[in-house]
Amino acid sequence: MAGRRVFHLHLVSDATGETLNAVARAACAQYEDVRAIEHVYALVRGPKQLERALGEIEEAPGMVMFTMVNDDLRAKLEKRCLELEVPCISVLDPAINALGSYLGREISHKPGGQHIMDQEYFDRIAALNFTMAHDDGQSPGDLDDADVILVGVSRTSKTPTCIYLANRGIKAANIPLVPNIPLPPELGTAKKPLIIGLVANPERLIQIRRNRLLSLNEKTETDYVDREAVAAEVAHARKLYSRNGWPVIDVTRRSIEETAAAVLNLYTRKENA
């Protein structure tokens, strides 16, 4: 884009930096005419790591965003940024201060507290193991142990959505709809899981499938990318979902994160019903 502004963005964290990176990218995404050159400093928990970050900030001045709970380190960071005349923002302070005021509690000052290996952590690992074992119709014998089952034709983002859900602690399996291949009988008898049908616009599916074939150096024209055949696949999928009363999510214009969020909304509603 002509006139696009490029700037340096320094992200300093005393933990993995995942939260900080997500906040920074969400903020930058609101500005279409800018591009951030990210400088990421994770696990900054001592003077040595902080000095390295400060050195790079001095060499390439730009906005600084941080998540640090050590008062001495953050004071040193803020002081040096003030001297360099670059903005320095603690992205979690508003949320932490508001929560502390509401709860009437002091913060723990423990870096990376959200990453402790508690039961929730091990539940996420178990969910990921389950999801990997039940990808693309594998291991249908214990489908009833799933929390969520995604059903859809090829290239409706079933696998990446399931992996995303697993990282949220959801045991997610996925079943492909393949022409002339029957669904596993265990799907019809599963009572516990929320079963969701995924669909997409046939034109979009054809585009994605063609790109997939090109990546495999496959140029043969098949029903996999035939317009009528793909449209028939989608129509069959919709009829199947309607017949079984399964909720449907159209993934045509959704990112993996947006699809997963829609699944989580449906799952939460089911659990709270």
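The structure under discussion appears in the preceding block.
For clarity, every value in this text was computed on a predicted model and none was experimentally measured. (Residues numbered from 1 in each chain as written. Predicted model: local features only at pLDDT ≥ 70, side-chain atom pairs only at ≥ 80, totals over all residues. Heavy atoms only, no water.)

**A closer look at the sheet that holds strand β5 (residues 148-153)**
Right, so step 1: Read across the sheet, 4 strands follow the order β6-β5-β7-β8 without closing on themselves; strand pairing throughout is parallel. The sheet is open, and its two borders are formed by β6 (172-177) and β8 (248-250), each paired with just one other strand. Averaged over neighbouring strand pairs, the angle between their axes works out to 25 degrees when direction is ignored.
Right, so step 2: Sheet topology note: the β5/strand β7 (residues 194-199) ladder contains 5 bridges and is parallel. Each residue of the ladder has a partner; that of V151, found in β7, is G197. (Pairing = 2+ DSSP bridges. Helix = DSSP H or I, 4+ residues; strand = E, 2+ residues; numbered from the N terminus. Axes fitted to C-alpha atoms, helices over the stretch in contact; angles between N-to-C directions.)

**Overview of the sheet that holds strand β3 (residues 63-67)**
Right, so step 1: Spatially, the 4 strands line up as an open sheet ordered β2-β1-β3-β4, and their pairing is parallel. This sheet does not close on itself; its edge strands, each paired only once, are β2 (34-41) and β4 (88-90). Across the sheet, the axes of successive neighbouring strands diverge by a mean angle of 25 degrees, strand direction being ignored.
Right, so step 2: In the sheet, strand β1 (residues 5-13) pairs with β3 via 5 bridges, with the strands oriented parallel. Directly across from V12, in β3, lies its bridge partner F66.
Right, so step 3: Sheet strands touched by helix α3 (residues 71-84): β1, β3 and β4. Its angle to β3, the strand with the most contacts, is close to 170 degrees. (Contact = heavy atoms within 4.5 Å.)

What is shown is where atoms sit, not what they do.
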